[in-house]
Amino acid sequence: MRSLTLVEARERSSLITVTSYAVELDLDRGDEIFGSHTAVRFTCAEPGAASWVDLKARSVEAVSLNGEALDPAAVLDGRLPLTGLQADNELVVASTMAYSHDGQGLHRATDPADDRDYVYGHLFLDAAPSVYACFDQPDLKAPYDVTVRAPLDWVVLGNGAATQSGPGRWTLATTKPLATYFMTVCAGPYVSVSDEHDGIPLGIHARASLREPLERHAPELFDVTKRSFDYFHGLFGIRYPFGEYHQVFVPEFNAGAMENPGCVTFRDQYLFRGAATRDELLGRANTVAHEMSHMWFGDIVTMKWWDDLWLNESFAEYMSHRCLVDATDYTDAWVDSSIVRKVWGYGAERSPSTHPVAGVEALDAQSALQNFDGISYAKGAATLRQLIAYVGDEPFIEGVRAYLTDKSYGNGTLADFLGAIEAASGKDLETWSRAWLLTADRDTISVDVEEQGGVIQSAVARRESPTDRPADRPHAFDVAGWTDGRELGRVTTTITGPETALADLEGTPEPALLVPNASDLTWARVRLSDSTVAALPTQLAQVPDDQARAVVWSALIDGVHGATVSPGAFLDVFDAAWPHETSSSILTRIAAYAEHRIVPWFVPREAQDRALARLSTAGAGLLERSTPGTTESLAAARLVAGTSADATLLRAWADGEGLPAGLEDDGDFRWIVVRNLASRGLIGVPEIEAYHTKDDTLQGSLNALMCRASLPDAEVKAWAWAQLTGQEGRSNYEMVHLARGFWMAPDDDLVVDYVPRYFTDVPAMSEWVGEDALSRVVLVAFPRVFTEETARLSAATIARDDLTPAVHRSLVDADAELREALASRATFGAPV
Ligand SMILES: [Zn+2]
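Here goes a summary of the coordinates provided.

Cut-offs used in this document
- Residues numbered from 1 in each chain as written.
- Predicted model: local features only at pLDDT ≥ 70, side-chain atom pairs only at ≥ 80, totals over all residues.
- Heavy atoms only, no water.
- Helix = DSSP H or I, 4+ residues; strand = E, 2+ residues; numbered from the N terminus.
- Rg over C-alpha atoms; globule rule 2.2 N^0.38 Å.
- Buried < 20%, exposed > 50% of the residue type's maximum accessible area, 1.4 Å probe, protein only.
- Contact = heavy atoms within 4.5 Å.
- Areas by Shrake-Rupley, 256 points an atom, 1.4 Å probe, with all protein chains shown as cover.
- Lys, Arg positive; Asp, Glu negative; His and termini not counted.
- Charge placed at Lys NZ, Arg CZ, Asp CG, Glu CD.
- Pairing = 2+ DSSP bridges.
- Axes fitted to C-alpha atoms, helices over the stretch in contact; angles between N-to-C directions.
- Donors = N, O, S within 2.8 Å, 3.2 Å for Na, K, Ca; no water.
- Tetrahedral: all angles 85-135°; square planar, octahedral: opposite > 155°, others 65-115°.
- Phe/Tyr/Trp six-rings, centres within 6.5 Å; stacked < 30°, edge-to-face > 60°.
- Lys NZ or Arg CZ within 6 Å of the ring centre and 35° of its normal.
- Core = buried A, V, L, I, M, F, W, Y, C linked by side-chain atoms within 4.5 Å.
- Disulfide = S-S within 2.5 Å.
- Expected span 1.5 Å × (residues − 1).
- Bend = angle between axes of the 7 residues up to and from the residue.
- Parallel < 35°, antiparallel > 145°, perpendicular 65-115°, else oblique.
- Nonpolar A, V, L, I, M, F, W, Y, C, P; charged D, E, K, R; others polar.
- Salt bridge = Lys/Arg side-chain N within 4 Å of Asp/Glu carboxyl O.

## Focus: the overall build of the protein
Item 1. When helices and strands are counted, the protein shows 26 helices and 28 strands.
Item 2. Computed over C-alpha atoms, the radius of gyration of the protein comes to 27 Å, within 12% of the 28 Å expected from 2.2 N^0.38 for 832 residues, which places it in the range of a compact globule.
Item 3. Burial analysis of the protein (832 residues in total) assigns 61% to the buried set.
Item 4. Of the contacts made within the protein by residues no fewer than 6 positions apart, 72% connect residues no fewer than 24 positions apart.
Item 5. Roughly 29500 Å² of accessible area belongs to the protein as shown, and the carbon and sulfur atoms make up 50% of that amount.
Item 6. Averaging the locations of the 69 positively and 120 negatively charged side chains of the protein gives two centres separated by 1 Å.

## Re the sheet that holds strand S27 (residues 513-516)
Item 1. Spatially, three strands are ordered S25-S24-S27 in an open sheet, and the strand pairing comes out antiparallel. Unpaired on one side and paired on the other, strand S25 (486-495) and S27 mark the two borders of the sheet. The sheet shows a mean angle of 15° between the axes of neighbouring strands, direction not considered.
Item 2. Inspection of the sheet shows strand S24 (residues 475-483) paired to S27 by four bridges, in the antiparallel sense.

## Section: the coordination of the zinc ion
Item 1. Around the zinc ion, the protein contributes the donor atoms His290 (NE2), His294 (NE2), Glu313 (OE) and Glu313 (OE), which lie 2.0 to 2.8 Å from the metal centre.
Item 2. Coordination at the zinc ion is irregular, judged from the four donor atoms that bind it and the angles of 51 to 147° they form at the metal.
Item 3. Spacing between the donor residues of the zinc ion along their common chain follows H-x3-H-x18-E. With His294 in helix H3 (residues 278-296) and Glu313 in helix H4 (residues 309-327), this pair connects stretches of sequence that are 19 residues apart.

## Re the sheet that holds strand S28 (residues 524-526)
Item 1. Pairing in this open sheet of four strands is mixed, and the strands run S26-S23-S22-S28 from one edge to the other. Of all strands in the sheet, those with a lone pairing partner are strand S26 (499-501) and S28, marking the two edges. Taken pair by pair, the neighbouring strands of this sheet meet at an average axis angle of 25°, ignoring direction.
Item 2. Of the pairings in the sheet, the one linking strand S22 (residues 443-452) to strand S23 (residues 455-464) comprises nine bridges and is antiparallel in character. Pairing of Ser446 across the sheet is with Arg462, part of S23.

## Here we look at the packing of aromatic side chains
Item 1. Across all of its chains, the model carries 46 aromatic pairs by this definition.
Item 2. Measuring from centroid to centroid gives 5.7 Å for Tyr132 and Tyr144, while their planes differ by 90°, and the two rings are edge-to-face. Of this pair, Tyr132 sits in the loop between strand S9 (116-122) and strand S10 (144-149) while Tyr144 sits in strand S10; the two residues are twelve residues apart in sequence, bridging distant segments of the chain.
Item 3. Between the aromatic rings of Phe372 and Tyr377, the centroid separation amounts to 5.5 Å while the plane-to-plane angle is 45°, which identifies the pairing as tilted.
Item 4. Linked through ring pairs, Phe229, Tyr231, Phe232, Phe236, Tyr240, Phe242, Tyr245, Trp296, Phe297, Phe315, Tyr403 and Phe417 together constitute an aromatic cluster.
Item 5. Across the ring face of Trp334, the terminal group of Arg385 is positioned such that the distance to the ring centre comes to 3.8 Å.
Item 6. Here the guanidinium or amino end of Arg708 rests over the ring plane of Trp719, the centre of that ring lying 4.0 Å away.

## Regarding the pairing of S22
Item 1. Sheet topology note: the S22/S28 ladder contains three bridges and is parallel. Bridge pairing in S28 links Ile445 to Val526.
Item 2. Hairpin connection from S22 to S23: two residues lie between these consecutive antiparallel strands, with Gly453 at a positive phi of about 60°.

## Things to note about the nonpolar core
Item 1. Counting residues in hydrophobic clusters, the biggest one holds 152 residues, and the most contacted among them are Leu27, Trp296, Phe396 and Phe417.
Item 2. Per element, the largest residue contribution to this core is ten residues, and it comes from helix H2 (residues 211-236).
Item 3. In this view, Phe417 contacts Phe297, Leu311, Leu384, Leu387, Phe396, Val400 and Tyr403; residues no more than four positions away in its chain are not counted.

## Digging into the state of the cysteines
Item 1. Taken as a whole and judged by the stated rule, the model has zero disulfides.
Item 2. Counting only cysteine sulfurs, Cys186 is the nearest neighbor of Cys134, a cysteine outside any disulfide, at a range of 17 Å.

## What to know about H2
Item 1. Taking 1.5 Å of rise per residue, 26 residues should cover 38 Å, and H2 covers 35 Å from first to last C-alpha, within 8% of that figure.
Item 2. Of all the bends in H2, the greatest, near 45°, is centred on Ala218, and the proline Pro219 appears no more than four residues after it.

## What about the packing of helix H16 (residues 631-643) against helix H18 (residues 667-679)?
Item 1. Two elements in contact, H16 and H18, have axes separated by 7 Å at closest approach and are oriented at 25°. The angle between H16 and H18 places the two elements in the roughly parallel class. Where H16 abuts H18, its residues Ala637, Arg638, Val640, Ala641, Gly642 and Thr643 lie against Phe669, Ile672, Val673, Arg675 and Asn676.
Item 2. Its residues assigned to classes, the contact of H16 with H18 comprises six nonpolar, three polar and two charged.

## Brief notes about unusual backbone geometry
Item 1. The omega angle of the peptide bond from Phe124 to Leu125 is -5°, so this bond is cis rather than trans.
Item 2. Among the structural elements, Leu125 can be located in the loop between S9 and S10.
Item 3. One non-glycine residue with positive phi stands out, namely Asp198, at about 50°.
Item 4. Along the polypeptide, Asp198 turns up in the loop between strand S15 (191-197) and strand S16 (200-206).
Item 5. Here Asp198 falls in the partly exposed class, since its relative accessible area comes to 40%.

## Points about the pairing of strand S1 (residues 16-26)
Item 1. Here S1 runs beside strand S2 (residues 33-44); their pairing, made up of ten bridges, is antiparallel. Paired with Leu25 across the bridge in S2 is Ser36.
Item 2. Once S1 ends, the chain turns through six residues before running back antiparallel as S2, passing Gly30 with a positive phi of about 90°.
Item 3. Where S1 and S10 come together, six bridges link them in parallel fashion. The residue bridging Glu24 from the neighbouring strand is Thr147, located in S10.

## Topic: the pattern of salt bridges
Item 1. If you walk through the whole model with that rule in mind, you get 57 salt bridges.
Item 2. The partner of Arg490 in a salt bridge is Glu487, with the nearest N and O atoms 3.0 Å apart.
Item 3. Note on Arg490: relative accessible area 31%, which makes it partly exposed.
Item 4. Residue class for Glu487 comes out partly exposed when judged on its relative accessible area of 41%.
Item 5. Each of Arg2, Glu8, Asp77 and Arg79 takes part in one network of salt bridges that share partners.

Right, dumping it as C-alpha cells:
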C-alpha cells in the first residue's frame, strides 16, 4: 500500500471538508473478518473536481456517491477514486475487513486462559482505512456516529459513551470532531470497574482473566486519573470535552498506550499480575497522565501533518512528568525520566538516524513514523524545559492556553505553537528554536577545574557542539559536587558560548565527584572527569541526591556506548554502588540495563559468565539485606533469577520452593527463572511446557515461546527461526518473544548460520507484517553475533534499495548498536 504524501494531503484538505462519519461495524462474523459500513458526508470546494477516499478492505461489496453506484473494483492500492464531486456529498461504502494480528487496525486476540476473543482498534498512524472508509489524514477531522453489532456476551466501548440498544447492538454517542486515527472501538467480554470524578464518568477495563489484577490496581489507577484531571483542568483552563473517560487494557498492544479521545488503550502488562516495583507503578502513572494530557494536546488540537507529531509527544512527555511531580506522590518522576526516558533518547541521538526534534519534512505518512522515537519524546520534553527556562513558566502556560483555545477542534503547527509562546512571553524564539528544535544531535557538557591544596582556583563549564552538526544551543543547567556524601558546592548557570566561568565554585573545596547538569535540566552528553569516574566506586552511593546519581549513571551508560568508559569500569561502579541504591527507578533500570544490554553487547561472550556472576552476587547481597516485599527485594530477586548460574537455587525457585517473600505465586517472576534455566540448557521443552500448563495465560504462552527459543539446541533454533520468519500466523507479540529468546546461546556456533538468514528472511517479512510491528521485530531479532562479518552483512543490507522505511530505519539503529559493541570490545577487550 502506498503511503499518503504531504503534497497529496495538502491538496486533499484544500479541496475537502469532512462534515460527519457514520460507521457501522459488524463484529459478529467470526474470528477473521468483520463488516464495515461507512457513510461520510463532506463538502468539496471545487465542484466537479476529483479526489479519493482511503479504503483497505478484504472485499468491497457496494459503493455509492451521492446516490449513484460506483464500481467496487475501482479500489486500487488502498484508494477509491471519487470523480465529479458536488458541493455537498455523501459517500456510502459497504465492505468486509480483516482483523489484524500485528497490533495495527482492528486487532483480534484469543486469551488462552479462557479461549475468549478480544478486539480493539489501534488506527495510528494510517490503519484507519483498514477499519472504515475515510479521508485518512490528521487535518480532516469530523464528528463520528458509531454503531456496533457484536456477539451477545461482548461489551463495546469507543470514543463516545456506549449504550446497548438491543441484544448485541451498541450505539456510541456522537463525538466531537476527531482525526481519523483517533477513532477506536474495543469489544469483547471485557470486565470493568467504574467510578466518577468531577462529573466525568470513569471506566477501567481488561480481559476477563485479568479481573483480579484489574480490581487490585483500580484504586491506584483511579487516583492518578482523578489527580491528573484536576491538575490539567487547572493548568490548561479548558474542561475535558470528550464525555466519559475509559481506559482499556488490551492484549498485544505495540506501544505503551494510545490517546484515543474518551477511550485510551493501554498494553495490558500494565495490570501487573505479580509484584510490581515502585518505579513500575510510577511508569504506569506516567503513562496515564501522558495519555490524558493528549486529550488537550493532540486530541482537541491535532497537528496538521505528521511532521509535527513530536509536538504532541514532547508536550505529553513534559506534562505527564510535571503532573506526577505536582499532583501525585510520584514526586521523583524527573529522576525516572533521567534514567528511563532520557537514556532511551540519548541512544537515538547516538544513531546515524538522529534527526532534529522538529522541522524534518515528512514527505509521506510512513516516513514520518520513522522519526517517531526517543528524540520526539525525551529530547522534545527536555527542550520544552529549556524553553521554559528561557521564557519563564507563566508565559509558557499562558501561550499553551492560547494555542489550545485558538485551535480547538482544529489543527496546529510548530509555527502556531511558537507564535503563541512568543506572544505570551514577548520573546523572539526564532534563534532559540533553530538551535534547539531544528538541528540534530547534542552538545557535550563538561567542567574543568584547577585546584591548589584541595581548593578550587578556577572552574569552567564547557560546551562542545558536534563538529558535523554545529548548533548554538544555550543551556540552563547546574553543576554540583560531593565528597563523602556532603554537597560541597552547587552553581546554576546558562552557557551560551563554548565556555563559561563558574565563579561561585572558586575558593570552595574540590569535591571528589563533580557532576555537570546535576539536576538534569538540559539535554546534553555529560562528560565526567577522569577523577570523578575513578572516585565513583567509593563515592557514588554516598551522594544523597537521586537526581544527580541518575545523571551519573546515564553518563556512564553513554560512556560505555561511546567506548570512553569500559564495561569493566561500569561493573566496578555497579558492584560498589548499585546494592546501596535507594531510588527505585535507578535500582531496577540499572540492573536491567546491566543484565540485558551492558553484558550481552559490550562483554565478549567468553567473559559473560563472569560478568553475570558479578551481577548475581550483587543481587544476592541486596536480597539478603532488604526487607521482603519491598522494591529493593524484588529488584534484587529478579536480578538473581535472571543471572544466577546456581542450578539448585533456580530449580527450587521455579518449583516454588524457598522463594523470597511476596513472590510465592508470581507467574512473571517464575518465567524469569525458567528463561535462565532454559537458556543454560538446564531444562528442555517438556519442562517448559509443564510450566506453561501452570500458567496457561497470554503472558504464560508468550514466555513459554521465548524460553523455548532460548534453548541451546540446534533443532529448537531451527524451529524457532521458522516460527519467527515463516508465515506461521504468529502475532506481533509472539514474534518479539521468539526473537528475544533466539539469540541467547552459550556460543556463537549454535546461531552463526542464522546471521546471513536474518538479513534475507526478516526484511522479507514486510510482505505480511505491518510496519509498526516489524520495526520492533527487526530490532529485537538483530543478530547478537558481534563480528565484522555481521557488520559487513548489515552494511550491505542497509544499502539495499528495496527495504521498507521501517525495516531500513530499524536496521540502521541496530547496526549502530552493533558497531558500538564492536568498538568497545576492540578498545577494552574482556573486563576482569
Ligand atoms: Zn503520546
